[in-house]
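Residue-level structural notes
What follows is each chain in one-letter form.
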Amino acid sequence: MGIISLPDMAVGIIPNRAVSYTGAHCNKHDRSLCLGRRPLIFRTASNRKKKLFSTEHWLCKSRRSSIFSSMDDSSVTDVVDNSDGFSSGRNEVSSIDDDELMTAKKALSEAQARQEDIEKERDQLLEELASFEAKQQDYVATILHDKDLAVSELEVAKSLFNQKLQESVQEKFTLESKLVLVKQDAVELAVQVEKLAEIAFQQATSHILEDAQLRVSAAETTAAEASYQIEKQIKDMTEGTILSIVEQSKNAIEKALDVAEIAGDHAAKAALAFNDGMSPLDELASVQSKNIMLQGAVNDLESQLLLTRSDVAKLKLELEKAHAHANLLEVRANDAEKALVEFQESSRKETLQREEEVMSLMETMKKDASERNKVASGAFNVELQSIMEAIAAAKETVRSKDDAYLRRCEALQRSLKASESTTKMWRQRAEIAESLLLKERQPGEREEDSICVVNGGRIDLLTDDDSQKWKLLIDGPRREIPQWMARRIRTIRPKFPPRKIDVAEALSSEFRSLHLPKPDEVWSIALEKPKEGDTLIEHVFEKEIIEKKRKALEHVLQRKTIQWQRTEEQIKLEPGTGTGREIVFQGFNWESWRRQWYLDLAPKASDLSKIGVTAVWFPPPTESVAPQGYMPSDLYNLNSSYGTEEELKYCIEEMHTHDLLALGDVVLNHRCAHKQSPNGVWNIFGGKLAWGPEAIVCDDPNFQGSGNPSSGDIFHAAPNIDHSKDFVRKDIKEWLNWLRSDIGFDGWRLDFVRGFSGTYVKEYIEASIPAFAIGEYWDSLAYENGTLCYNQDAHRQRIVNWINATDGTSSAFDVTTKGILHSALHNQYWRLIDPQGKPTGVMGWWPSRAVTFLENHDTGSTQGHWPFPREKLTQGYAYILTHPGTPTIFYDHLYDFGLHDILTELIEARRRAGIHCRSAVKIYHANNEGYVAQIGDTLVMKLGHFDWNPSKENHLEGSWQTFVDKGSDYRVWLRQ
């Protein structure tokens, strides 16, 4: 018994008696399968179906024997290999048992069934290949058709292009001639505008000169009168003095003459007595009598002296009493001083306690803010993590798709190589099997015992489940492409002719070459670059320059005309009120420093002016330790986190171009030092204002200042400036004037004015003469058990006291009104009226100095120390924009919260009604249901769901028209 060895495959065992074939015994109609004499050769792929067997050229064999065909285009019949080995082992094969023969027959039958399945699958693949070739031919035809259409369209476009080119050349010359005419008109217009400007300037200067001459003449007249009066007074005083001197001289001379006469009389008498022989005794007696008289006079004088001494004693007693009374008063003064010291100590303790409470409150607020930030950052991190996970999942999906595509490509390559090697091997085996069957079959052998060798497992490999998977990877799902996708593919695919391999192919190709114009031949006015000496370009440039000059002159004339047409009340500016009709816009938030803010804010000037804003509050401009600007260091360095000094000037110029005031946020209370002292304390300032510890208040606990005590509250984060020093005030006034004159600021927003006295603010305002000034006097409202108290008079009184300290030269933020609105708009509208029937904030006591607001960079933005209720913002703005005072609009609300149109509408209502900072307010209703008030003579507004209409009120005369109607939130009526 022997084994036939076949290369690369396992072989079946064939009995010697079963392999005896002759050409004569082969019958074409027998049920056995025949092998042809020639090798298996397959048709090309262009055939729709391939015939695997030709029965006419095959030898007949036993009905139990079979040879299997290939499974696809590259497969062939698996046959027995190594015919020489087969013939040499014939004797051993004949000893195989019948059981093994039956097993081989079963294997052959199973292989035959698998072969039939493979043939069916192959036929299906061939059909799909045929349909694919048909589609490919249709696709090629479509491409050729699209190419022809593109060529024809290109030819049409080329002709249209040439036509348009000629028309553009003609239009160029026409435009050139028109531009020359326009240039002449523009020059004439510019000359006329310059003449008008000169005339207007002469008129304005003539009025100014006349006024100045009148004032000078009046001053000269006043000076002449004053000099005459002074000369008259000097003359009168001189004459009086001379007369008094002459009178005294006359009296003295008369007294001297009297004394001389008396002396002469005595001499005459003595001479007469001597001549007459008077006795000395008589003379002595007369002398003694005179002595007695003199003694009496002396006694009288002594008595008078005694009386005087008694009077002096009385006066001494009274003086002692006065001293005792003075000592008593001194004791009382000492007691009062002690009481004052005790009061100061108690007040200081209370202040320290309040500061500690405020610090603890600030700490709690900081903790809450940090917790909120942590929660927000946690949420942000979670969201970021989810986004990153989604990105990672998307990347993983893409990577898996790429891997699947690579695996598919590798499978295709492996399948192709396997198909090629299998085809080659099976052809060799077919030839070997054919030669074996033709040569080694003996006559007389039984056909029913003959079998065919199996392919050793190759059929199983090609028909298992993995082969179906590879087939799916190779072919993919078979489905039709939608029409919309096909159109999309046709629009985006390139319509270029195929690359030519040689010249002959290029000449014989059906594709036509596209003759496109060269780029140098294309001329376009829009893309033409300016060239020196080009008349057209010079005309365009001259026209642009003339147009700019004309617009600038028109703008100047318009502003002058508007200023001439304003009334005296509107022209009058006060630092505390401005024009009285200001609407302030805070042009930044807490995060604005993260961007080039000046360049972002400048383009918004046109929109702000259009909606009715009159003043823009800028962020702190100076160099600062904190990026937000509220820890300034070098005051003259304006390169901050918001932008450079040049960008700041440009932004201010844009505001001025649109008639907007630029308010600078100046921090005067504190300043950060540049260097440390020998003690290691940061109290040495740098820059142009190189101050030392003498510029810091002495009661600042952190920075060892050597100045005077502070006139306000201490700001603990930076050195507090001592404004009582003359050099400090001088430097600050020079700095403010520099900001006004060189940088262009029109007014100030004063930060933390609680830190120094309002008298210094008055001095600074009078020195810099701003158009408008606002102070930030921030103080806590009164609460009881966590609820806002109704009576906030003490709070607004402190703000009014500070305004009084500035002598009304500065206004202040109405923090009282903001705090009350927080609670009042939650159906507690009764908080908006005080017992006197007036508004409950600073607006009710001093409306012209009250600057109302809802939020700023501290209360809102990303800090959120005291945010206004988001759902009540529209009601809050409806209140402050229709009431007296100066309303302020926050940047976030106008541009980030979507309130632009609402605020524009309310500002327009304020403008039409003529409401200003001193307008009268008459409150009709203020209860839980709503709030109704009349402001001025032409506006009535309502808050809340209170059912009220001015047309139904008898005491409101005239016809009222609804201007804004927001239902239960608010309504605004204007008198027609």
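Residues numbered from 1 in each chain as written. Predicted model: local features only at pLDDT ≥ 70, side-chain atom pairs only at ≥ 80, totals over all residues. Heavy atoms only, no water.

Which entries qualify depends on this criterion: UniProt positions are given in the numbering used here, feature names are shortened, and annotations may be inferred rather than shown by experiment.
Per an unreviewed UniProt entry, the protein carries the name alpha-amylase and comes from Rubus argutus. UniProt annotates the protein under Catalytic activity (unreviewed entry) with the comment "Endohydrolysis of (1->4)-alpha-D-glucosidic linkages in polysaccharides containing three or more (1->4)-alpha-linked D-glucose units." Regarding the protein, the relevant UniProt record gives this comment under Sequence similarities (unreviewed entry): "Belongs to the glycosyl hydrolase 13 family."

Description of unusual backbone geometry
We apply this condition: Each helix is a run of H or I in the DSSP string that is no shorter than four residues. Each strand is a run of E no shorter than two, and both are numbered from the N terminus.
Despite not being glycine, I769 shows a phi value in the positive range, around 50 degrees. Even without glycine at this site, N827 takes up a positive phi of about 60 degrees. If you trace the backbone, N827 turns up in the loop between α17 (815-824) and α18 (842-845).

Section: the side chain of K872
How we decide: We call a residue buried when its accessible area falls under 20% of the maximum for its residue type, exposed when it is over 50%, and partly exposed in between, using a 1.4 Å probe and counting protein chains only. The charged-residue count follows a simple rule in which Lys and Arg add positive charge and Asp and Glu add negative charge, with His and chain termini not counted at all. Here, a salt bridge means any side-chain nitrogen of Lys or Arg that lies within 4 Å of a carboxyl oxygen of Asp or Glu. Between two residues, a contact is recorded if the distance between any of their heavy atoms is within 4.5 Å.
With respect to the helices and strands, the residue K872 is situated in the loop between β11 (850-852) and α19 (873-880). We note that K872 is buried and unpaired, the nearest opposite charge coming from D969 at a distance of 5.6 Å. In this view, K872 contacts L825 and H826; residues no more than four positions away in its chain are not counted.

Points about the side chain of E582
Using the following cut-off: As used in this structure description, the phrase polar contact means that two N or O atoms lie within 3.5 Å; if the pair is within protein, one of them must be able to donate a hydrogen and the other to accept it, and residues adjacent in sequence are counted only when both atoms belong to side chains.
You can see E582 is positioned in the loop between α10 (568-571) and β1 (584-586). A polar atom in the side chain of E582 sits 2.6 Å from the side chain of T614.

Looking at helix α14 (residues 726-743)
What counts, and what does not: Expected helix span is given by 1.5 Å per residue-to-residue step, counting one fewer step than there are residues.
Taking 1.5 Å per residue, 18 residues should reach 26 Å; α14 reaches 25 Å between its end C-alpha atoms and fits that length. Contacts from the buried residues of α14 go to α13 (645-657), β3 (661-666), β6 (747-750) and α15 (758-768). Two residues or fewer after α14 comes G744, characterised by a positive phi angle close to 110 degrees.

Some thoughts on the environment of T657
Relative to the helices and strands, T657 resides in helix α13. When the C-alpha atoms of T657 and S609 are compared, they prove to be 9.8 Å apart, with 48 residues separating the residues in sequence. A polar contact is formed between the side chain of T657 and the backbone oxygen of E653, at a distance of 2.7 Å.

Overview of the pattern of salt bridges
Taken as a whole, this structure holds 19 salt bridges when the rule is applied. Its salt-bridge partner being R749, residue D665 comes within 3.1 Å of it at the nearest N-O pair. Taken together, the residues span a long stretch of sequence, with D665 in strand β3 and R749 in strand β6 at a distance of 84 residues. Using a relative accessible area of 1% as the deciding quantity, one classes R749 as buried. The residue K762 makes a salt bridge to D807 at a minimum N-O spacing of 3.4 Å. Pair noted here: K762 is in helix α15 and D807 is in the loop between α16 (793-805) and β10 (811-813), with a separation of 45 residues, a long-range link. By sharing partners, the salt bridges in this structure join D665, R749, D751 and E776 into a single network.

Comments concerning the confidence of the model for the protein
Keep this limit in mind: For every residue, the predictor states its confidence as a pLDDT score lying anywhere from 0 to 100.
Averaged over every residue, the pLDDT of the protein is 76; residues scoring 70 or more account for 68%. Taken together, the stretch residues 493-497 has pLDDT below 50 and engages in eight contacts with residues farther than four places along the chain or on a different chain. Under a pLDDT of 50 for its full length, residues 562-571 has, in the predicted model, six contacts with residues more than four places off or in other chains.

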